[in-house]
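Here is how the chains run, residue by residue.
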Amino acid sequence: MVSRVRVWLNRTYAENVFFMDQLRRNPSDRAVEIHATHGDPDSPVLAAADTAELEPENLSPAGYVEYALDQCARRGIDVFVPRLHQSAIVAHRAEFEAAGTAVLAPPPEAVAVFHDKVIAYEAVQAIGVPVPPWYRVRSADELVAAVEELESGGHKACFKPASGAGGVGFRVITRTPFSLTQLSGFPSPYVPLDLVLEALRQAEEPVDWLVMPRLEQPEVSVDCLTGPDNRVRLAVGRTKNGRRRGFTLHEQWLDPARRIAEGFGLHYLSNIQFRMFGDRPVLMDVNTRPAGGLHQLSLCGVNAPWAAVRLALGEDPGEVVPPFLGQDYTVVSGPRPLRPVSLPHQRPETTDPLPAVPAPPSAEPADSVASAAQALPL
C-alpha cells in the first residue's frame, strides 16, 4: 500500500488554493494531505487545507526556521513548499532532510542571486541572457539622472524595489503635473516625477530602487521544473497581453528560461518572466518559487505541482511535455469558502501548539470571496 504524502505550504498566495486542488487530484491517484499556515486567519488557503495553523507573529528568520522544523516534526511533513523566509529555510535544508522533510525550493546560492534584482541582472547578462537597461537608484539626484537618460532614448521610465515580489512598489514616472485627472477613475501606477523627488528628499533613509524603461507586452512567464541535477523537466510559457492570456512553446522565450534555470540551479519550481524591449525579449524578473498562476498549466493537460512533489520525493517524473496547448483565456475572481470562525491569534511567546484545524466540509456556504484565476485542475 502506498502511503499518503503530507505537504505543507507556508504563508502562500490565495491563488494557491488551486495548487492544493491539483495535488489532491494528481494523476497517480496518490493520497495527499495538505497542511497550511498563514498570518491571516481569513486566508482561503487555511480553509482549503486539511489541517491549518495561524503562524506566530514577528519571528526573526532564525526563529521562523525553528518554528518550521517543529511544524515538520509534529505534522510528519514529507514535502515543504516555503514562500515566507525562503532564504533562511533553504540554508537549513540538511536539518529538514534529517527530520524526513524535502524542501521544495532551490539551493541557497540560487535564492541569493535572485533576491536582489541588480545582482540577478548582472548574473544573467554574464551567461548571455538579454536584460533591459537599468540603473540602481538611492537618492533624488540619482533618480533624475536615470530618468533623463532613459527619456533621452525615447523611453518611459519606471521603478521598483531592488528586492521584492508580486509587482509591489512598481510605478511609472510621468512629467504630467498632479491634478484631478489622477483622482478620477481607478488608481494608476503613474506618479509625477516632482512628487517622487519631493518624497525622496524628505525621506529619512535612502531608497533602493531599480529604474528601467517600461517594457512592452506581451509578457511571458515561463514556468520551469528543474531537478537537483540541474536538468529542466518542464518549461511552458504563459503569455499575457492585456486581458488575453495563452500559452507558448516558442524557443525565444523557453531557451533563455532554460539557460537561467539550469545555469543557476533553480531546482524544483521557478517562474522566469520576460517582456519586450524594442523587438527582442528581455528578462524582467525571476521568482525562485511556484508562480501564483502555475495552476493555469492545467489547461494544457499538465499537473506541475504534482510533478514537482514527485521530484522532491526522489520519484523522477521524466520530461513533462504538454500534450496540447490550451486555448486563449482570461482570469476572473470567484468565491472560495473561509473558515466559519477565524483562527485565534498565536503570540510569538506561545509554546503550546495550536490544535489541528480541519478544513470545513465542502457543503458549507462561502463566507467571502478570494480573488483567484479559474482553471481546470487536474
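Relevant structure appears above.
As the structure is a computational prediction, the values presented were derived from the model and not from experiment. (Residues numbered from 1 in each chain as written. Predicted model: local features only at pLDDT ≥ 70, side-chain atom pairs only at ≥ 80, totals over all residues. Heavy atoms only, no water.)

(A) Spotlight on empty space enclosed by the protein. Counted according to the given criterion, the structure contains one cavity of 30 Å³ or more. Considering the residues around the largest cavity, the lining is formed by Leu-9, Thr-12, Tyr-13, Asn-16, Phe-19, Val-81, Pro-82, Arg-83, Arg-289 and Pro-290. Residues belonging to the lining of the largest cavity are distributed by class as follows: six nonpolar, two polar and two charged. (1 Å grid on protein atoms, 1.4 Å probe; cavity = no way out; pocket = protein on both sides within 12 Å on 5 of 7 lines; lining within 4 Å. Points joined across faces, edges and corners; volume = space filled by probe spheres on them. Nonpolar A, V, L, I, M, F, W, Y, C, P; charged D, E, K, R; others polar.)

(B) Molecular detail of the sheet that holds strand β8 (residues 171-174). Pairing in this open sheet of five strands is mixed, and the strands run β6-β10-β7-β8-β9 from one edge to the other. Because the sheet does not close on itself, it has two edges, and the strands there are β6 (135-137) and β9 (190-192). Sheet twist, expressed as the average angle between the axes of neighbouring strands with direction ignored, equals 35°. In this structure, strand β7 (residues 157-161) lies alongside β8, joined through two bridges in antiparallel fashion. Opposite Cys-158, over in β8, you have Val-172 as the bridge partner. Taken strand by strand, helix α7 (residues 117-126) contacts β6, β7 and β10 (209-213), and its axis lies near 50° from that of β10. In this fold helix α8 (residues 140-152) packs onto β6, β7, β8 and β10, with an angle of close to 155° to the strand it touches most, β6. (Pairing = 2+ DSSP bridges. Helix = DSSP H or I, 4+ residues; strand = E, 2+ residues; numbered from the N terminus. Axes fitted to C-alpha atoms, helices over the stretch in contact; angles between N-to-C directions. Contact = heavy atoms within 4.5 Å.)

(C) Representation of the pairing of strand β13 (residues 244-248). Note that strand β12 (residues 232-241) and β13 share five bridges and pair antiparallel. The partner of Arg-238 across the bridge, within β13, is Phe-247. Joining the antiparallel neighbours β12 and β13 is a turn of two residues, in which Gly-242 adopts a positive phi near 70°.

(D) Inspection of the packing of helix α6 (residues 108-115) against α7 at higher detail. Relative orientation of the contacting elements α6 and α7 amounts to 110°, with a least axis distance of 5 Å. Here α7 runs roughly perpendicular to α6, going by the angle between their axes. Of α7, the residues touching α6 (which contributes Val-113, Phe-114 and His-115) are Lys-117, Ile-119, Ala-120, Ala-123 and Val-124. The residue inventory of the contact of α6 with α7, partitioned by class, reads six nonpolar, one polar and one charged. (Parallel < 35°, antiparallel > 145°, perpendicular 65-115°, else oblique.)

(E) View of the pattern of salt bridges. Counting across every chain of the model gives 24 salt bridges. The salt bridge involving Arg-24 is made with Asp-50; its shortest N-O contact spans 3.3 Å. Here Arg-24, found in helix α1 (residues 17-24), pairs with Asp-50, found in the loop between α2 (44-48) and β3 (51-54); they are 26 residues apart in sequence, far enough to count as distant. Classification of Arg-24 by relative accessible area gives partly exposed; the value is 30%. In this structure, Asp-229 engages Arg-233 in a salt bridge whose closest nitrogen and oxygen atoms are separated by 2.8 Å. (Salt bridge = Lys/Arg side-chain N within 4 Å of Asp/Glu carboxyl O. Buried < 20%, exposed > 50% of the residue type's maximum accessible area, 1.4 Å probe, protein only.)

(F) View of the packing of aromatic side chains. Per the stated rule, a full pass over the model turns up nine aromatic pairs. When the ring of Trp-8 is compared with that of Phe-80, the centres are 4.0 Å apart and the planes differ by 5°; the resulting orientation is stacked. Of this pair, Trp-8 sits in strand β1 (residues 5-10) while Phe-80 is found in strand β4 (residues 79-81), placing the two residues 72 residues apart along the sequence. There is no split in this pair, since Trp-8 and Phe-80 are both buried. Centre to centre, the rings of Tyr-121 and Trp-134 are 6.5 Å apart; their planes meet at 65°, and the pair counts as edge-to-face. (Phe/Tyr/Trp six-rings, centres within 6.5 Å; stacked < 30°, edge-to-face > 60°.)

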